[in-house]
Amino acid sequence: MGTRRNMFFSYKNDPAKQKDIENLMSIAKDQGFEIVTNQEEANIIVAVGGDGAFLQAVRRSGFRDDCLYVGVTDEEEASLYCDFNLHNTEEMIEAVHTAGVSVRRYPVIDVHLDGHTHFHCLNELSVRSSIIKTFVIDVFIDELHFETFRGDGIVVATPTGSTAYNRSLNGAVVDPRISCMQISEIASLNNNQFRTLGSSFILGDSRKLTLQIVQDGNDYPIIGLDNEALSIQNIKNIEVEMSGKIIKTVKLKDNSFWHKVQRTFL
Ligand code: NAP
């Protein structure tokens, strides 16, 4: 991990886990890392929890591409963003000492709302009706008006997000080495008036996806950015592109994305 040894720990206060986290910090200090309390000073951000905690740590620290993120799960089960286990500190130490770790890079999407607000997502953007009524979205790929969607919503997932919400919508699991976004429908209504592709589709990294919310009364959808919802607002235009940013995480040897997918789902 080189000479960049300032480490920040991101975790939810939980008295049941406090002792284990303090133990982990103390081991890190013994290994020559400096624990910092201001995440802006960190070169390494350690998220303790599960995938949800990892997503929060990345969002709260501003999707930094100049630091390494380390996911540590506190459950027995492995999770997609967490290579380490809070209860197996020996494995962590061994990995650091034997250079059994490398860096993996995860693509991020950029979301522009009505041309003035800008966000990143590591898992996905979700746009969902906030009431028990369908809503209508005109879907554009670059300048092409591709389809008019009517239904519950649309999810735009990154490759690492492909195993999350996207997968529940029968989307494909995508290798994070491919910089792309996958668009999946949530309960589309298909009839002689409204017709959509009906399957997920994947756009390459130079494409732009535009979602125009038709202003017909049901135009206050819930906008989800990973595990955070934006306060409901009247959105007209959502543009999604692959970001110039990437998220770097520590990877254990012989623990590829596909090892994790196999472990989690098969
Ligand atoms: P949550 O609703 O408490 O948990 C969602 C579950 O998805 C958790 O088991 C979480 O793992 C897991 N998860 C998160 N990111 C994943 C990934 N990239 N690959 C595989 N599994 C993943 O919310 P959360 O823990 O804060 O996670 C937020 C995510 O939940 C959203 O980004 C979205 O993808 C997903 N979600 C899914 C559905 C659905 O499938 N119908 C609906 C809404 C949201 P941990 O237990 O390790 O955190």
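Residues numbered from 1 in each chain as written. Predicted model: local features only at pLDDT ≥ 70, side-chain atom pairs only at ≥ 80, totals over all residues. Heavy atoms only, no water.

Domain boundaries in the protein define domain 1 (6–99) and domain 2 (108–244). Computed over C-alpha atoms only, the centres of domain 1 and domain 2 are separated by 31 Å. Contacts between domain 1 and domain 2 engage nine residues on the former and 12 residues on the latter. Across the interface of domain 1 and domain 2, roughly 930 Å² is buried in total on both sides, 55% from carbon and sulfur atoms. Between domain 1 and domain 2 we count one salt bridge in total. Ionic pairing is found between Arg-59 and Asp-226, a salt bridge with its closest N-O pair at 2.8 Å. (Domains from an automatic or database assignment. Contact = heavy atoms within 4.5 Å. Buried area = accessible area lost by both parts, 1.4 Å probe. Salt bridge = Lys/Arg side-chain N within 4 Å of Asp/Glu carboxyl O.)

Taken together, 15 residues surround the ligand, and among them Asp-51, Gly-52, Glu-124, Thr-163 and Ser-168 come closest. Between the ligand and the protein, one listed contact pairs an oxygen atom with a side-chain N or O atom of Glu-124 at 2.5 Å. Here an oxygen atom of the ligand sits 2.5 Å away from a polar atom, N or O, in the side chain of Ser-168. When the free accessible area of the ligand is taken as 830 Å², the share hidden by the protein chains comes to 58%. Of all the elements in the fold, those that place two or more residues in the shell around the ligand are α2 (51–60) and α4 (165–168). (Near = heavy atom within 4 Å. Polar contact = N/O pair within 3.5 Å; in protein donor to acceptor, adjacent residues only side chain to side chain. Areas by Shrake-Rupley, 256 points an atom, 1.4 Å probe, with all protein chains shown as cover. Helix = DSSP H or I, 4+ residues; strand = E, 2+ residues; numbered from the N terminus.)

UniProt annotation of "active site" (unreviewed entry) refers to Asp-51 when read in the numbering used here. One can find Asp-51 in helix α2. Residue classification places Asp-51 among the partly exposed residues on the basis of a relative accessible area of 23%. The residues touching Asp-51, leaving out its near neighbours within four places in the chain, are Ser-79, Leu-80, Tyr-81 and Cys-82. (UniProt positions renumbered as here; feature names shortened; annotations may be inferred. Buried < 20%, exposed > 50% of the residue type's maximum accessible area, 1.4 Å probe, protein only.)

Taken together, the 12 bridges between strand β6 (residues 101–113) and strand β16 (residues 237–252) define a ladder with antiparallel strand orientation. Its bridge partner being in β16, Ile-109 is matched across the sheet by Met-242. Counted along the chain from β6 to the antiparallel partner strand β7 (residues 117–121), the turn is three residues long, and its residue Asp-114 has a positive phi close to 50 degrees. (Pairing = 2+ DSSP bridges.)

All chains considered together, the criterion is met by five aromatic pairs. When the ring of Phe-54 is compared with that of Tyr-81, the centres are 4.9 Å apart and the planes differ by 5 degrees; the resulting orientation is stacked. Note that Phe-54 is positioned in helix α2 and Tyr-81 in the loop between β4 (68–73) and β5 (84–85), a separation of 27 residues in sequence. An identical accessibility class is assigned to Phe-54 and Tyr-81; each is buried. Taken together, Phe-54, Tyr-69, Tyr-81 and Tyr-106 form an aromatic cluster joined through their ring pairs. (Phe/Tyr/Trp six-rings, centres within 6.5 Å; stacked < 30°, edge-to-face > 60°.)

Glancing now at α2. Three or more residues of α2 are buried, namely Phe-54, Leu-55, Gln-56, Ala-57, Val-58 and Arg-59. Of the residues trailing α2, Gly-62 is marked for its positive phi of about 85 degrees.

Looking now at the pattern of salt bridges. This structure, assessed with the given rule, holds eight salt bridges. The partner of Arg-104 in a salt bridge is Asp-83, and the shortest N-O contact between them spans 2.8 Å. Of this pair, Arg-104 sits in strand β6 while Asp-83 sits in the loop between β4 and β5, placing them 21 residues apart in sequence. Here Arg-104 falls in the buried class, since its relative accessible area comes to 8%.

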